[in-house]
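Each chain, letter by letter, is given below.
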Amino acid sequence: NPQVLLDAITELKSSALEETTSVKSYAPNWKLYLQFCHDSGRSPDLTGKDKSKDEDTLLNYVAFEFKYHQNKFSTIRTKLYAIRWYTMDMGYEDPLKDKPGLTKVLKGYKKLRGSVKRKNGVTVRILRKLTTQLRGRGFKGLATSTGAIIGFFFLLRISEFAAQDAKHGLSTYSEDVT
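Residues numbered from 1 in each chain as written. Predicted model: local features only at pLDDT ≥ 70, side-chain atom pairs only at ≥ 80, totals over all residues. Heavy atoms only, no water.

Visitor: Before we go on, may I ask you to explain the overall build of the chain in this structure?
Guide: Each helix and strand counted, the chain has 9 helices and 0 strands in total. Starting at the N terminus and walking to the C terminus, you meet the elements of the chain as α-α-α-α-α-α-α-α-α. Residues classed as buried in the chain amount to 26% of the 178 residues present. Sequence-distant contacts in the chain: of pairs separated by 6 or more residues, those separated by 24 or more amount to 54%. Looking at the chain as shown, the accessible area adds up to about 13000 Å², and 56% of this sits on carbon and sulfur atoms. (Helix = DSSP H or I, 4+ residues; strand = E, 2+ residues; numbered from the N terminus. Buried < 20%, exposed > 50% of the residue type's maximum accessible area, 1.4 Å probe, protein only. Contact = heavy atoms within 4.5 Å. Areas by Shrake-Rupley, 256 points an atom, 1.4 Å probe, with all protein chains shown as cover.)

So, in structure tokens, the structure goes:
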């Protein structure tokens, strides 16, 4: 039965996306793009038949994200890759390829919102100074010192061991560490 095979192909394609780490960001970003197209009266289909129309849709979407959502360059790049993935999954060509206007706008976007404020890593000297200063500060000082040591030796990011909003008792906030 041909329909059974088509259903199997659909199931396999969707599981391919589910296995990627990008599924968490691609699906919601695709929905945001669809909402933008609906709200602006544009077709979300980037078929490649009218490249200038496709590019115009993408340019307006990027401008919308820049102006109203104030997103960083890395965020808009992820959103564009979501559009690319879903468009190519529908059998169309890469909608980001051969779009000189889009390329130029993205370069400007990166220049204005692409800078990453990298933080310096903690050195052994800094860790020793921190733990020395936390001695004698009770349970919270011991907990903070232990968290810093664990974070240092296990190369944890701040979000992996510090709560953004504590709901229960003692907790280390990201502001306490950064």
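After that view, the rundown keeps rolling.
Visitor: Mind showing me how you'd approach the packing of helix α4 (residues 73-89) against helix α5 (residues 100-113) here?
Guide: Two quantities define a packed helix pair, namely the angle between the helix axes and the distance between the axes. Following both chains from N to C, one finds α4 and α5 inclined at 145 degrees, their axes separated by 9 Å at the closest point. Contact residues: α4 offers Phe-73, Ile-76 and Leu-80, while α5 offers Leu-106, Tyr-109, Lys-110 and Arg-113. Of the residues belonging to the contact of α4 with α5, the class tally is 5 nonpolar, no polar and 2 charged. (Axes fitted to C-alpha atoms, helices over the stretch in contact; angles between N-to-C directions. Nonpolar A, V, L, I, M, F, W, Y, C, P; charged D, E, K, R; others polar.)

Visitor: For this particular structure, what's the right way to read the packing of aromatic side chains?
Guide: Aromatic ring pairs are described here by two measures, namely the spacing of the ring centres and the angle between the planes. Scanning all chains against the criterion turns up 10 aromatic pairs. For the pair Trp-30 and Tyr-33, a centre-to-centre distance of 5.5 Å together with 35 degrees between the ring planes defines the contact as tilted. Here the residue Trp-30 and the residue Tyr-33 both occupy positions in helix α2 (residues 23-40), the gap between them amounting to 3 residues, near one helical turn. For the pair shown, Trp-30 and Tyr-33 are each scored as buried. Residues Tyr-33 and Tyr-61 carry aromatic rings whose centres are separated by 5.4 Å and whose planes lie at 85 degrees to one another, so their mutual orientation is edge-to-face. Taken together, the residues Tyr-33 in helix α2 and Tyr-61 in helix α3 (residues 51-69) connect sequence positions 28 residues apart. (Phe/Tyr/Trp six-rings, centres within 6.5 Å; stacked < 30°, edge-to-face > 60°.)

Visitor: Looking at this model, I keep getting lost on the pattern of salt bridges. Mind explaining?
Guide: Two side chains of opposite charge can pair, provided their charged atoms sit close to one another. Overall, the coordinates contain 4 salt bridges when judged by the stated rule. Glu-65 serves as the salt-bridge partner of Lys-79, at 3.0 Å between the closest nitrogen and oxygen. Taken together, the residues Lys-79 in helix α4 and Glu-65 in helix α3 connect sequence positions 14 residues apart. (Salt bridge = Lys/Arg side-chain N within 4 Å of Asp/Glu carboxyl O.)

Visitor: Which parts of the structure should I look at to understand α4?
Guide: Spacing of three or four residues puts side chains on the same side of an α-helix, whose turn is 3.6 residues. Between its terminal C-alpha atoms α4 stretches 24 Å, which fits the 24 Å expected from 17 residues at 1.5 Å a residue. All of the buried residues in α4 are Phe-73, Ile-76, Lys-79, Leu-80, Ala-82, Ile-83, Tyr-86 and Thr-87. One or two steps after α4, the chain reaches Gly-91, where phi turns positive at roughly 95 degrees. (Expected span 1.5 Å × (residues − 1).)

Visitor: I'm lost on the packing of α3 against α4 in this one. Help?
Guide: It is at 11 Å that the axes of α3 and α4 come closest, and there the two elements cross at 145 degrees. Classified by chirality, the crossing of α4 by α3 is right-handed. In contact with Leu-58, Tyr-61, Val-62, Glu-65 and His-69 of α3, α4 contributes Ile-76, Lys-79, Leu-80 and Ile-83. Of the residues that constitute the contact of α3 with α4, the class distribution is 6 nonpolar, 1 polar and 2 charged. (Left-handed = near helix turned anticlockwise from the far one by under 90°.)

Visitor: Looking at this structure, I do not really get α3. What am I missing?
Guide: Across its 19 residues, α3 extends 26 Å between first and last C-alpha, which sits within 8% of the 27 Å expected from 1.5 Å per residue. Asp-54, Glu-55, Thr-57, Leu-58, Tyr-61, Val-62 and Glu-65 are the residues of α3 that are buried. For α3, the arc enclosing every buried residue in end-on projection is 160 degrees, short of the 170-degree limit, so these residues lie on one face. Across α3 from its buried face, at more than 90 degrees, point the exposed residues Ser-52, Lys-67 and Tyr-68. (Arc of directions from axis to C-beta.)

Visitor: Looking at this model, I keep getting lost on the nonpolar core. Mind explaining?
Guide: Within soluble globular proteins, side chains that are nonpolar generally end up buried alongside one another. Tyr-33, Leu-58, Val-62, Ile-76, Leu-80 and Ile-83 are the most contacted members of the largest nonpolar core, which has 19 residues in total. Secondary structure elements with two or more residues in this core: α2, α3, α4 and α5. No other element matches α4, which puts 6 residues into this core. If we skip the residues at most four places from it in the chain, Leu-80 touches Leu-58, Val-62, Leu-96 and Leu-106. (Core = buried A, V, L, I, M, F, W, Y, C linked by side-chain atoms within 4.5 Å.)

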